[in-house]
Structures are given as structure tokens and as C-alpha cells.
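# Descriptive structure summary
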Amino acid sequence: MFSEPIVAVMLIFALLAFGEFLSVISKARIPMLFVVLFGYLILLWTGIFPQNIIEQANLAAFAALIPAPLIVHMGTLIPFKQIKEQYKAVLIALSGIVVASILILLIAVPIIGYTSSIAGTGPLTGGIIAFVVTSEKLQELGLVSLITIPALILGLQNFIGMPLSAYFLRKYGFKLQKQIEEGNFKATAASIESGSSDAVEETNKRKSLLPEKYQTQVILLFQIFLGGAVAVGLGSLTGVNYSLWALVIGIGGTYFGFYQGNMLERANSFGISMSLVIILVMTSMNSITISMFADYLPHVLLIMTVGVIGILIGGFVMTKLFKWDPLKGMPIALTALYGFPGDYILCEEVSRSVGKNKKEQRIIFDEILTPMLVGGFTTVTTASILIASILVSTLG
């Protein structure tokens, strides 16, 4: 049965769809990645899926091409205007992952070793692309068993980040509600200027060197793959990881108008691209055994504990320096553990559950959404790739 590529593809996407379904009905409390990654391992360990199912589906080769273009796309996501307006949110988010990385190096390295600590730091302070960058380097060095660490972290971090963020945001929401009822509420400049949906849609309204009539899906895809190819070429020439070049190309290309904001979404290709990246992650997990899972679980728990404490400390200190309410600043730092769309979903849920009427819900939503989105884009989209790329380069 698995020898038919279409059947293998269908079964793989059935697993992805099941994970998405559980995420939707649980309002993201059950992370899609957790279901997919651990479901895939269980299906492999029980023999339901053969070890070569992704090869049988003829997806492995194309999935391996996706990370560079996807990182270029990520560089097109954050408008410079928003970064300038929300520089405090950016610095709060950055301080969290920087302190987390430092604490992991100081505390975890003496206990579990340098390589194991580095293997977990990138994915903890970011997400799926940081995992890809890390796992590629581990495979290159022949340290395949260590991929267990970032894989476990990738699957588990949402379970910590989202509940913690929800706790802080709800308390902050109740504070806002009290201010609204007492007539003391004053909206921040960001929520007045950016509004709610505008914070996302701003990415689609930038200058472009390419006339709109030529911005077809195929041409947009060509631009993205061109950037990815250049990034890989520069990586080979310079020895600097291609992910850093891809990020620079995406950000620089958007600034100068070669790229529009949110390129893959505009090309109607983001969904399939993310699916292929997840499949690439699944491929890297083929050699993980039950014994590896058990052996590395203590490493994962140590890295996650130290890392989350570091994110909270860094976020709290920077929040205090900016004289922000910690209940607002801490969730921004914690976006490193889940990013978009988790940050958007949390803002929706908190405003809906705290606000007593539509007006209160909208005020709370507008107040918390923009800094949360900018924080998530800063950590998962940009900073985590930088951190993962720099740290894994020290493993050579």
C-alpha cells in the first residue's frame, strides 16, 4: 500500500490534518506540532508507518529545498514602521531569549554538555525554522541521536508558553477592564495608530519595485526561490550559515522594494510550505528510538526549565526598565515559545473571556495584540534564526 506515493502522501497529510483539527477544537491548547511529531514517532515505533514513508511519498527532496525560501519569506514579515513604533516590545522579546540562551550556557552546559545544550537552545528560543537549522547541523556532524532534544522541545514548548502567557494576559485584561469601568483607561499610541487587524495587514502595504500587474503567484514564488538560492550560494562561499543570508535577503529585499510583505501568503503558498517544513522535521526524526526518547528527556526538561526561567527574567527586567506593567511585558517575552498564530489566538481568547461587552473586548484586544504580534515576529521570525545559526556554527 505504501509503495503508491499518493497513498503515502495522503497518510502523512492525514496526520497533519488530525493535529490541526485537535489544535482548532482545543483553541490551540493542544499544539498541532505536538500531535504531529509525537504521533509520527508512535506510528513509527508501532510499525504502522514504515521508516521510509516520506521517501515513498516522494516528498523528502522537495521538503529539503523549502527552509531557505521560507526564511526569506520570514524576513518580509515585519514592517520597519512597526518595529520603530514597538521598539520596546522588540527589546523585551529579545532580552528574554538572550538571557535564556546565556542561562542555558551557564547552567546546562556543565550538567549535560555543550553540544546537548546548543541542540536545545535554538528551538527553545524560536520555533520550527530554528529546529531545521539545528537539526541540519547535527546531521552534518553525525550527531543524529541528539536531534531528539530539539524535537522534544519543539513539541512541548507550547504547553508551557501559552498557559503562562494566558495567565499574565488575563490578569492584565482585568486591570484594563477596571480602568475602562472607572474611566481611567488611556489607549497606547500603538493601539490607536495600528489598530488590531492593521498590525497584520501592514505587511502587505509596502513599496515595490515590481509593478502590481506582474505580482502574480508564479513570479512571487520565483522571487522567493531566487532569494533562497542566493542565500545557499552565499552560505557555501562564505561559510556563514545560509539561514542568516536568507534572513538578510528577506529583510533587505523588502526594505528596498524587491519583495512585498508576506510573500508566500501573497503567492498562496504559505500553507504548503509550512507543511513541507513539518515533513522535513518528521524526516529528521526517523532514527529516534524509544530508548533515545527516554535517555534525552532529562536533558530536555533541564533546558526547558532553565530557558523558560531565563525568558521570564529577561522579559521582567526589560519590562521594568521601560516602566511597563510586567503583566503586559512578560507574555511578549514568552512569545518565543510559540509565536504566530498562537499570539493572535491568545489575544482573541483573553479579550473575549475578560471583556463584558463588545466595546471592552475590542479595547482589550487592540491594546494587547500589536506588541504581542511584534514580540512573536521578533523572536520566532528573526532572533531565533540568528541565535540558532550562530550557536550551531560553534559545533563544527
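Residues numbered from 1 in each chain as written. Predicted model: local features only at pLDDT ≥ 70, side-chain atom pairs only at ≥ 80, totals over all residues. Heavy atoms only, no water.

## Details of the overall build of the protein chain
A tally of helices and strands in the protein chain yields 20 helices and zero strands. Its C-alpha radius of gyration of 21 Å places the protein chain within 12% of the 21 Å reference for a compact globule of 396 residues. Counting only C-alpha atoms, the protein chain reaches 65 × 55 × 40 Å along its principal axes. Of all 396 residues assigned to the protein chain, the portion counted as buried reaches 55%. Excluding contacts between residues fewer than 6 apart, the proportion of contacts in the protein chain whose partners are at least 24 apart in sequence is 82%. Within the structure as shown, the protein chain displays about 16700 Å² of accessible surface, and the carbon and sulfur contribution to it stands at 67%. One way to put it: in the protein chain the 24 positive side-chain charges average out to a point 9 Å from where the 22 negative ones average out. (Helix = DSSP H or I, 4+ residues; strand = E, 2+ residues; numbered from the N terminus. Rg over C-alpha atoms; globule rule 2.2 N^0.38 Å. Buried < 20%, exposed > 50% of the residue type's maximum accessible area, 1.4 Å probe, protein only. Contact = heavy atoms within 4.5 Å. Areas by Shrake-Rupley, 256 points an atom, 1.4 Å probe, with all protein chains shown as cover. Lys, Arg positive; Asp, Glu negative; His and termini not counted. Charge placed at Lys NZ, Arg CZ, Asp CG, Glu CD.)

## Let's talk about the packing of helix α10 (residues 148–182) against helix α18 (residues 326–334)
α18 packs onto α10 with a crossing angle of 155° between their chain directions and a minimal axis gap of 8 Å. Between α10 and α18, the angle is such that the two are roughly antiparallel. In this structure, the crossing between α10 and α18 has a hand that is left-handed. Contact residues: Gly161, Leu164, Ser165, Phe168, Leu169, Lys171, Tyr172 and Lys175 in α10; Leu327, Lys328, Met330, Pro331 and Leu334 in α18. Considered class by class, the residues forming the contact of α10 with α18 number eight nonpolar, two polar and three charged. (Axes fitted to C-alpha atoms, helices over the stretch in contact; angles between N-to-C directions. Parallel < 35°, antiparallel > 145°, perpendicular 65-115°, else oblique. Left-handed = near helix turned anticlockwise from the far one by under 90°. Nonpolar A, V, L, I, M, F, W, Y, C, P; charged D, E, K, R; others polar.)

## Some points on helix α17 (residues 290–321)
A rise of 1.5 Å per residue sets the reference length of α17, with its 32 residues, at 46 Å; its end C-alpha atoms lie 46 Å apart and thus fit the reference within 8%. A bend of about 40° at Tyr296 is the largest found in α17, and the proline Pro298 appears one to four places after it. Positioned one or two residues after α17, Lys323 has a phi angle of 60°, which is positive. (Expected span 1.5 Å × (residues − 1). Bend = angle between axes of the 7 residues up to and from the residue.)

## Remarks on unusual backbone geometry
The bulk of non-glycine residues show a negative phi, and the bulk of peptide bonds are trans. Look at Asn58: it is not a glycine, yet its phi comes out positive at around 60°. By the secondary structure assignment, Asn58 is in the loop between α3 (53–56) and α4 (60–65). Of note, Lys323 is a non-glycine position whose phi angle comes to about 60°, a positive value. Locating Lys323 in the fold gives a position in the loop between α17 and α18. With a relative accessible area of 77%, Lys323 lands in the exposed category.

## Observations concerning the packing of aromatic side chains
Taken as a whole, this structure holds eight aromatic pairs when the rule is applied. Ring geometry for Tyr87 against Phe322: centres 6.1 Å apart, planes inclined by 85°, an arrangement best described as edge-to-face. One end of the pair, Tyr87, is in helix α7 (residues 87–112); the other, Phe322, is in the loop between α17 and α18, with 235 residues separating them in the sequence. A residue is classified by how much of its surface remains accessible, and Tyr87, at 42% relative accessible area, is partly exposed. According to the relative accessible area criterion, Phe322 is buried, its value standing at 18%. On the numbers, 5.5 Å between centres and 65° between planes, the contact of Tyr167 with Phe168 is edge-to-face. Looking at Tyr167, the relative accessible area reads 46%, which means it is partly exposed. Taken together, the ring pairs connect Phe34, Phe38, Trp45 and Phe293 into an aromatic cluster. (Phe/Tyr/Trp six-rings, centres within 6.5 Å; stacked < 30°, edge-to-face > 60°.)

## Description of α18
The buried fraction of α18 amounts to nine of the nine residues, a majority that puts the element mostly inside the structure. In this structure Asp325 caps α18, since a side-chain oxygen of it lies 2.9 Å from the backbone nitrogen of Leu327. (Polar contact = N/O pair within 3.5 Å; in protein donor to acceptor, adjacent residues only side chain to side chain.)

## Description of a nonpolar patch on the surface
Together, Val98, Ile102, Leu106, Ile107 and Ile111 make up a nonpolar patch on the protein surface, roughly 460 Å² of accessible area in all. Assignment of secondary structure puts Ile111 in helix α7. The class of Ile111 is exposed, set by a relative accessible area of 57%. (Patch = residues over 30% accessible without salt bridge, like charges linked within 9 Å, V, L, I, M, F, W, Y side chains within 5 Å. Salt bridge = Lys/Arg side-chain N within 4 Å of Asp/Glu carboxyl O.)

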